[in-house]
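Topology and contacts: notes
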Amino acid sequence: MNRKDGSKASKNGKKIKALKLYLVAYIATVLTLLAPQTPTHSPKVKAQAEQPSITPKDYAYNTAKSVYGWGKSEQKCLGMLWGKESAWNFNAESPTDDYGIPQRHMRNNTQEQIADFMKSPFIQIDWGLNYIKVRYSSPCQAWQFWQEKRWY
């Protein structure tokens, strides 16, 4: 192979490489255009305007029953607990940096995190029910702790 043939092979190799890159970019563009506008694997998130059309208390009791299996007696304890903590006021704030219906302690959170939490009573309730489940197992156990310590 002479020098001229080697140079020609090198140019052909560069052209093939460039063509491959172009083809990959073209395929990626086509696949992007054909992809659904909303990811099908992502959970649907309720828009702010799509808040449930029930009261926060009813939402809490329904969620306690349907998600955690807590019946009437546990719901009664939940009602007393959050009644004492915030009077079910989702705008409640305490001087000790506790916020919302469940009075979540947020001293180490950013203002943005606090603002996000305070946007919706339903966000607060979901957080509060999970907190009770993880920390106390049930609203009645959380209520019993609250009666002894005046916090939970």
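Above this note sits the structure.
Let us look at the structure shown here. What you are looking at is a predicted structure, and each value in this text was computed from that prediction instead of being measured.

1. Digging into the packing of helix 2 (residues 56-68) against helix 3 (residues 72-86)
Contact geometry for helix 2 and helix 3: axes closest at 10 Å, N-to-C directions at 140 degrees. In terms of axis orientation, helix 2 runs oblique to helix 3. Viewed along their axes, helix 2 and helix 3 form a crossing whose handedness is right-handed. Across from A60, Y61, A64 and K65 in helix 2, the residues of helix 3 making contact are Q75, L78, G79 and W82.

2. A few points about the state of the cysteines
Tallying each qualifying case throughout the model produces one disulfide. Between the sulfur of C77 and that of C140 lies a disulfide, 2.1 Å long from S to S. A torsion of 85 degrees about the S-S bond marks the disulfide between C77 and C140 as right-handed. You can see C77 sitting in helix 3 and its partner C140 sitting in helix 6 (residues 139-149), a full 63 residues away along the chain. For C77, a relative accessible area of 9% corresponds to the buried category.

3. Observations regarding the side chain of Q124
Along the polypeptide, Q124 turns up in helix 5 (residues 121-136). Of the residues examined, Q124 reaches a relative accessible area of 0% and is grouped as buried. Within the structure, Q124 has its side chain in polar contact with the backbone oxygen of F117 (distance 3.3 Å). With sequence-adjacent residues up to four places away left out, Q124 is seen in contact with F90, G100, I101, P102, F117 and M118.

4. Topic: helix 5
For an α-helix, the turn length of 3.6 residues means that residues three or four places apart are oriented alike. With 16 residues, helix 5 should cover 22 Å at 1.5 Å per step; its first-to-last C-alpha distance of 21 Å lies within 8% of that length. Check the buried side of helix 5 and you find it contacts helix 2, helix 3, helix 4 (111-118) and helix 6. A side-chain oxygen of the first residue of helix 5 lies 3.0 Å from the backbone nitrogen of F122; this N-cap is S120. S137 occupies a position one or two residues after helix 5 and carries a positive phi of about 80 degrees.

5. Describing the pattern of salt bridges
For the structure on display, the rule yields two salt bridges. A salt bridge links D97 to R107; the nearest nitrogen and oxygen atoms lie 3.2 Å apart. Note that D97 is positioned in the loop between helix 3 and strand 1 (98-99) and R107 in the loop between strand 2 (104-105) and helix 4, a separation of ten residues in sequence. Here D97 falls in the partly exposed class, since its relative accessible area comes to 24%. A salt bridge links K119 to D116; its shortest N-O distance comes to 3.2 Å. Judged by its relative accessible area of 35%, D116 falls in the partly exposed class.

Reading guide: rules and limits
Here the residue numbering is sequential within each chain, running from 1 through the sequence in written order. At least 70 in pLDDT is required for a residue's local features to be given in this predicted model, at least 80 for side-chain atom pairs to be given and counted, and no such filter applies to totals for whole chains, interfaces and linings, which use all residues. Each side-chain value is derived from all of the structure's non-hydrogen atoms; neither hydrogens nor water enter the calculation. Comment: axis = line fitted to C-alpha atoms, over the contacting stretch for helices; angle = value between 0 and 180 degrees taken between N-to-C directions. Strands here mean DSSP runs of E at least two residues long; helices mean DSSP runs of H or I at least four residues long; both are numbered from the N terminus. An angle counts as roughly parallel when it lies under 35 degrees, as roughly antiparallel when it exceeds 145, as roughly perpendicular when it falls between 65 and 115, and as oblique in every other case. For any pair of crossing helices, the crossing counts as left-handed if the nearer helix is rotated counterclockwise from the farther one by less than a right angle, and right-handed if it is rotated clockwise. Whether two residues are in contact is decided by their heavy atoms: any pair within 4.5 Å suffices. Any pair of cysteine sulfurs within 2.5 Å is marked as a disulfide. Partly exposed describes any residue whose relative accessible area lies between the buried limit of under 20% and the exposed limit of over 50%, with all areas from a 1.4 Å probe on protein chains only and scaled to the type maximum. We define a polar contact as two N or O atoms separated by no more than 3.5 Å, with the added condition that, inside protein, one atom must be a possible hydrogen donor and the other a possible acceptor, whereas residues neighbouring each other in sequence contribute only through side-chain atom pairs. Helix span, expected: 1.5 Å multiplied by one less than the number of residues in the helix. Each reported salt bridge corresponds to a side-chain nitrogen of Lys or Arg within 4 Å of a carboxyl oxygen of Asp or Glu.

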